[in-house]
Amino acid sequence: LWDQYGGSMPSGHTRWLLEQFEFPFEVVYPKTLDAGNLASKYDVLVLPSGAVPSSDRASGRRFNNAGDSDVPAEYRDRLGRVTVAETVPQIRQFIEAGGTVVAVGTSANLGEELGLPITSALTERTSGGTEHDLPADKFYVPGSLLRVQVDTTMAVSYGMPRDVDVFYNNSPAFRLGSDAAAKGVRPLAWFPNATPLRSGWAWGQQYLDGAVQAAEVKMGKGTLYLFAPEITFRAQPAGTFKWLFNGIYGGTPPARAP
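The rules behind the values
- Residues numbered from 1 in each chain as written.
- Predicted model: local features only at pLDDT ≥ 70, side-chain atom pairs only at ≥ 80, totals over all residues.
- Heavy atoms only, no water.
- Helix = DSSP H or I, 4+ residues; strand = E, 2+ residues; numbered from the N terminus.
- Rg over C-alpha atoms; globule rule 2.2 N^0.38 Å.
- Buried < 20%, exposed > 50% of the residue type's maximum accessible area, 1.4 Å probe, protein only.
- Contact = heavy atoms within 4.5 Å.
- Phe/Tyr/Trp six-rings, centres within 6.5 Å; stacked < 30°, edge-to-face > 60°.
- Salt bridge = Lys/Arg side-chain N within 4 Å of Asp/Glu carboxyl O.
- pLDDT = per-residue confidence, 0-100.
- Expected span 1.5 Å × (residues − 1).
- Arc of directions from axis to C-beta.
- Polar contact = N/O pair within 3.5 Å; in protein donor to acceptor, adjacent residues only side chain to side chain.

### Concerning the overall build of the chain
Check the secondary structure of the chain and you find five helices and twelve strands. Scaling as 2.2 N^0.38, a compact globule of 258 residues should have a C-alpha radius of gyration of about 18 Å, and the chain matches this with 18 Å. Taken along the three principal axes of its C-alpha coordinates, the chain extends 60 × 50 × 35 Å. Among the 258 residues that make up the chain, the fraction classed as buried is 46%. Expressed as a percentage of contacts within the chain between residues at least 6 apart in sequence, the contacts between residues at least 24 apart total 72%.

So this is what it looks like as structure tokens:
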């Protein structure tokens, strides 16, 4: 389970959740990830929201930028940050060697950083032909419940109904390229219409129509799961815990009684 020096609220709540359900786990920091050889140490990497930056320029944080001399010696191995240049290649090697990665919330942007045929659904093209993120006066959905449709034939969705309410907090939303299936990318959940709001408020929710919210990616011998909603938000939305738990088990459904 990823964390950072100074703490991460999503990581802390995920830690509590894993403890309650008695999953054996270890908290890891960016330096451990950057050191590589991850497949010899771990089966699964859980990257909660905030772990993976959209770019190296966006990854700087006050605590991560502290100098070594400002930090007690026993905590210096927790310094650093996940970067696209150094950490993401190590994560790729881990997956291709047979590891499983579960990326949640903003960390679902890992799919784009790995060069997969996945792009943001929340962009628009200007009259000049350039593309940029939708501004807040066109799209803003803070802390609301939205309904997605789930591919229940996928093992990682074992035990989930076809229609599920997810906690969405200005979360990522994706479009898959035409070559997605050929490159091992398969949608797990998506917005089936232009009015997915169930509770809260959603300015510009029509932009979400058809956007993918969860995907499974086969890479080498391993698997990457991308869950854009906050499926473990403050350890509260029990309806979506199954994605985390099933993902930890590599999407293998439990054995059925004969």
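### Quick look at the packing of aromatic side chains
Here the distance between the centres and the angle between the planes together describe a pair of aromatic rings. The full count for this structure, using the stated rule, is eleven aromatic pairs. On the numbers, 4.9 Å between centres and 50° between planes, the contact of Phe 21 with Phe 245 is tilted. In this pair, Phe 21 is assigned in the loop between helix 1 (9-20) and helix 2 (30-34) and Phe 245 in helix 5 (residues 241-248), connecting sequence segments 224 residues apart. On the basis of relative accessible area, Phe 21 is assigned to the partly exposed category, the value being 46%. Accessibility expressed as a relative area gives 14% for Phe 245, which makes it buried. Ring geometry for Phe 139 against Tyr 168: centres 6.4 Å apart, planes inclined by 90°, an arrangement best described as edge-to-face. Placement of Phe 139 in the loop between strand 5 (131-133) and strand 6 (144-150) and of Tyr 168 in strand 7 (residues 163-168) is noted, with a sequence separation of 29 residues between them.

### Focus: the pattern of salt bridges
Counting across every chain of the model gives nine salt bridges. For Arg 92, the salt bridge identified is with Glu 96, shortest N-O distance 3.9 Å. Pair noted here: Arg 92 and Glu 96 are both in helix 3 (residues 87-96), with a separation of four residues, about one helical turn. Overall, the relative accessible area of 29% leaves Arg 92 in the partly exposed class. Overall, Glu 96 belongs to the partly exposed group, its relative accessible area being 37%. For Arg 198, the salt bridge identified is with Asp 165, shortest N-O distance 3.2 Å. With a gap of 33 residues between them, Arg 198 in strand 10 (residues 197-199) and Asp 165 in strand 7 connect regions that are remote in the sequence.

### Remarks on the confidence of the model for the chain
In the predicted model, the chain carries a mean pLDDT of 91, and the fraction of residues at 70 or more is 91%. Segment residues 61-66 is flagged for pLDDT under 50; beyond a separation of four residues in sequence, or across chains, it makes 14 contacts in the model.

### Quick look at helix 1
Between its first and last C-alpha atoms helix 1 spans 17 Å; for twelve residues at 1.5 Å apiece the expected length is 16 Å, and the two agree. Taken as a whole, helix 1 has its buried residues at Ser 11, Thr 14, Leu 17 and Leu 18. Axial view of helix 1: buried residues confined to an arc of 120°, hence all on one face. Structurally, helix 1 contributes buried residues whose contacts are with strand 1 (44-47) and helix 5. Where helix 1 begins, the capping side chain belongs to Ser 8, and its oxygen is found 3.2 Å from the backbone nitrogen of Ser 11. Residue Glu 22 follows helix 1 closely and has a positive phi angle near 60°.

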